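Results of the structural survey
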Amino acid sequence: MNSILPSTGERWRGVIHAYRAHLPVSDATPVVSLNEGNTPLIRVDNFVKAIGGEFELWLKFEGLNPTCSFKDRGMTMAVSKAAERGAQIVICASTGNTSAAAAAYAARAKMKCVVLLPNGKIALGKLAQALMYGATTIAVQGNFDEALRIVRELGETGKVEVVNSINPVRIEGQKTASFEICDQLGRAPDFHFLPVGNAGNITAYWRGFKEYKASGKIDHLPKMFGFQAAGSAPIVDGAPVENPNTVATAIRIGNPASWEGANCALKESNGFIDKVTDEEILDAYKLIARTDGIFVEPASAACLAGLIHCVKAGKIPMGSVISATMTGHGLKDPDNAIKTAGFEPFVVEANKEAVMKVIGL
Ligand SMILES: *Cc1c(COP(=O)(O)O)cnc(C)c1O
């Protein structure tokens, strides 16, 4: 049930190959892929029980993509289309995961990649990725929104290909996650939960669900439930945030590029958007690791914190089928993990007795 591979055993070859009919590609598009997509959809009954819910919760574990976040779905499209146009240099501003994906796909396409990161505000694993894939890595003394402004200006020179989600084909690639959820569940969920930063993903998921409904693959649309971090909640608060702040660095964005798309998804789906505190995010982050063995990054856990709110507020009817995007892998951000775990390794002498003492035997 968790694989959408056809039973013939055909090899999975990435989202463009799998969903070509739904994507703006042609035979002239050189497909740059790392076999992204086909990520597991994992049912987490332990977590649901722990939060007092009575419904099915399925986590789409996007941390298991090639660069360990959902950004690979959009990047296979963006870099393939850039290659089709003959681009030599791709550039992006990033809170970390877009740069990791851009750097990897550019390496594969033999393009130069330039990434602009907010200095000191990206998780360690993501920085390691940009450097390892060989991207020209620039730490801007400013926040994500300022880095994106610079990237937009550089894009206007026509000398570089911008692969931020202001590039419309990113959204096209990202919508394939909705297709997979419906294919894996054999139906559409009743609710879809996800964290919201730049709001590209909520825009993409909604587009994907609508397209699947229009093509007759599903018979209803889910309600879209998005969550922002309290210190970085422009859509919830109704105004850009000048100095966004949150432990969930992947959603530390004060002026979302796809604000309109988010509003549209929320309105059309009869959805809901709210904010959660960093403390709630970290509680949910730890809880899902301990109840179900799923280690995500803090931003992903924002939507689980949001689900806990919704359960308390009685917003989720009994028996609902809910899917939620776990946007990135927990190993991206080892600093926060070690701080949040709540304990450190027990250091003992190298003998059996010392270890038994720690275990309590
Ligand atoms: C990019 C990202 C988000 C936010 O997605 P948007 O499309 O910007 O709303 C959330 N979590 C992780 C791990 C991300 O990398």
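This report concerns the structure included in the present document. Please read these numbers as outputs of a predicted model, since none were measured by experiment.

1. Examining helix α11 (residues 259-268)
Listed as buried for α11 are W259, G261, A262, A265 and L266. Around the axis of α11, the buried residues are gathered within 165° of arc, so they sit on the same side. Along α11, exposed side chains directed more than 90 degrees from the buried face belong to E260 and K267. Taken together, the buried residues of α11 touch α9 (200-214), β8 (223-229), α10 (234-237) and β9 (272-276).

2. Points about unusual backbone geometry
Even without being glycine, N35 reaches a positive phi, approximately 60°. Among the structural elements, N35 can be located in the loop between α1 (15-18) and β1 (41-43). For K110, which is not a glycine, the phi torsion comes out positive at approximately 60°. Within the fold, K110 resides in the loop between α4 (97-108) and β4 (112-118).

3. Quick word on the pairing of strand β10 (residues 321-326)
Most of β10 is tucked away: 6 of the 6 residues are buried. Burial along β10 is two-sided: V321, S323 and T325 and I322, A324 and M326, pointing in opposite directions, are all buried. Sheet topology places strand β2 (residues 56-61) next to β10; 6 bridges connect them, and they run parallel. Within β10, the residue paired with E56 across the bridge is V321.

4. Some details on the sheet that holds β4
Spatially, β5-β4-β3-β6 is the arrangement adopted by the 4 strands of the open sheet, whose pairing is parallel. In this open sheet, the two edge strands, each paired with only one partner strand, are β5 (136-140) and β6 (161-162). Judged from the 5 bridges that link them, strand β3 (residues 89-93) and β4 form a sheet pairing that is parallel. Note on β4: the bridge partner recorded for I89 is K112.

5. Considering α4
Helix length check: α4 (12 residues) gives 17 Å between terminal C-alpha atoms against 16 Å at 1.5 Å per residue, within 8%. In the core, the buried residues of α4 are packed alongside α3 (71-84), β3, β4, α5 (124-132) and α7 (168-174). Following α4 by one or two positions, K110 has its phi on the positive side, about 60°.

6. Quick look at the pairing of β3
Two faces belong to every sheet, and in a regular strand the side chains alternate between them. Counting buried positions along β3 yields 4 of 5 residues, so the element is predominantly enclosed. Crossover handedness for the path β3 to α4 to β4: right-handed. As paired elements, β3 and β6 share 2 bridges and run parallel to each other. Within β6, the residue paired with I91 across the bridge is V162.

7. Examining the environment of A128
With respect to the element layout, A128 can be found in helix α5. For the pair A128 and K315, spaced 187 residues apart in the sequence, the C-alpha separation amounts to 40 Å.

8. Observations regarding the pattern of salt bridges
Overall, the coordinates contain 15 salt bridges when judged by the stated rule. Note that R73 is salt-bridged to E180, the shortest N-O span being 2.9 Å. You can see R73 sitting in helix α3 and its partner E180 sitting in helix α8 (residues 176-185), a full 107 residues away along the chain. You can call E180 buried: its relative accessible area is 0%.

9. Things to note about the packing of aromatic side chains
Geometrically, a pair of aromatic rings is defined through the distance of the ring centres and the angle of the planes. Within the structure shown, the criterion is met by 9 aromatic pairs. Plain terms: the ring middles of Y19 and F179 are 5.2 Å apart, the flat faces sit at 55° to each other, and that makes the pair tilted. Of this pair, Y19 sits in the loop between α1 and β1 while F179 sits in helix α8, and the two are 160 residues apart along the sequence. Given the relative accessible area of 5%, Y19 is considered buried. Ring geometry for F179 against Y212: centres 4.5 Å apart, planes inclined by 15°, an arrangement best described as stacked. Placement of F179 in helix α8 and of Y212 in helix α9 is noted, with a sequence separation of 33 residues between them. The exposure class assigned to F179 is buried, which follows from its relative accessible area of 0%. In this structure Y212 comes out as buried when scored by relative accessible area, which is 3%. Pairwise contacts between aromatic rings join F191, F193, F225, F227 and F272 into one cluster.

What counts and what doesn't
- Residues numbered from 1 in each chain as written.
- Predicted model: local features only at pLDDT ≥ 70, side-chain atom pairs only at ≥ 80, totals over all residues.
- Heavy atoms only, no water.
- Buried < 20%, exposed > 50% of the residue type's maximum accessible area, 1.4 Å probe, protein only.
- Helix = DSSP H or I, 4+ residues; strand = E, 2+ residues; numbered from the N terminus.
- Arc of directions from axis to C-beta.
- Contact = heavy atoms within 4.5 Å.
- Pairing = 2+ DSSP bridges.
- Expected span 1.5 Å × (residues − 1).
- Right-handed = clockwise from strand over helix to strand, strands pointing away.
- Salt bridge = Lys/Arg side-chain N within 4 Å of Asp/Glu carboxyl O.
- Phe/Tyr/Trp six-rings, centres within 6.5 Å; stacked < 30°, edge-to-face > 60°.

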